[in-house]
Amino acid sequence: MFSHVMIGTNDLERAKSFYDALLGTLGVGPAMVDRHRIFYRTPTGVFAVSLPINGEPATFANGGTVGFACSSPEQAEAWHAAGVAAGGTTCEEPPGVRDGGMGKMYLAYLRDPDGNKLCALHRMG
């Protein structure tokens, strides 16, 4: 459905350090830097982080979340731990299994250093 997702940052170097560590737990290599943006390319899509082109400060979306697919609960735990170690802040409930209308899922939530809300998700069998 999506070709890419791009979020904003106010500090590109800090964002690259954070996302290189975070996405490395998912097997994604370090970002490619293109002037005021960084790109993480995978066979299924692109995740990018950019300084705002209009020169205004980057702000996070209230109610917005970017979700990353994980292959196991352990990978989601590693993702969460790497994010916290790299300067992210845990949010929502602690990482764990949630059972709801979409079935049983293992979820872990973080806010990146710019306040963007992120989720690691593993759909349980």
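Everything quoted here is computed from the prediction, not taken from an experiment.

### Some words on the sheet that holds strand β3 (residues 37–42)
With mixed pairing, the four strands of this open sheet are ordered in space as β1-β4-β3-β2. This sheet does not close on itself; its edge strands, each paired only once, are β1 (4–8) and β2 (32–34). For this sheet, the mean inter-axis angle between neighbouring strands, taken without regard to orientation, is 20 degrees. Where β2 meets β3, three bridges bridge the pair, whose relative direction is antiparallel. Its bridge partner being in β3, M32 is matched across the sheet by F39. Against the sheet, helix α1 (residues 12–24) engages β1, β2, β3 and β4 (45–50), with an angle of about 15 degrees to β3.

### Here's the deal with the side chain of D114
Topologically, D114 is positioned in the loop between β8 (103–111) and β9 (117–123). A distance of 2.4 Å separates the side chain of D114 from the side chain of T9, its partner in a polar contact. When sequence neighbours within four positions are dropped, the list of residues in contact with D114 reads G8, T9, N10, D11, R14 and F60.

### A look at the pattern of salt bridges
Following the criterion strictly, the structure yields six salt bridges and no others. Between R98 and E93 there is a salt bridge, and its shortest N-O distance comes to 3.4 Å. We classify R98 as buried; its relative accessible area is 16%. Connected via shared salt-bridge partners are D34, R35 and R37.

### A short note on the environment of S71
Structurally, the position occupied by S71 is in the loop between β5 (66–69) and α2 (73–85). Residue S71 is classed as exposed on the basis of its relative accessible area, which comes to 56%. A C-alpha to C-alpha distance of 8.4 Å links S71 and R123, two positions 52 residues apart in sequence.

So, how was this worked out
- Residues numbered from 1 in each chain as written.
- Predicted model: local features only at pLDDT ≥ 70, side-chain atom pairs only at ≥ 80, totals over all residues.
- Heavy atoms only, no water.
- Pairing = 2+ DSSP bridges.
- Helix = DSSP H or I, 4+ residues; strand = E, 2+ residues; numbered from the N terminus.
- Axes fitted to C-alpha atoms, helices over the stretch in contact; angles between N-to-C directions.
- Contact = heavy atoms within 4.5 Å.
- Polar contact = N/O pair within 3.5 Å; in protein donor to acceptor, adjacent residues only side chain to side chain.
- Salt bridge = Lys/Arg side-chain N within 4 Å of Asp/Glu carboxyl O.
- Buried < 20%, exposed > 50% of the residue type's maximum accessible area, 1.4 Å probe, protein only.

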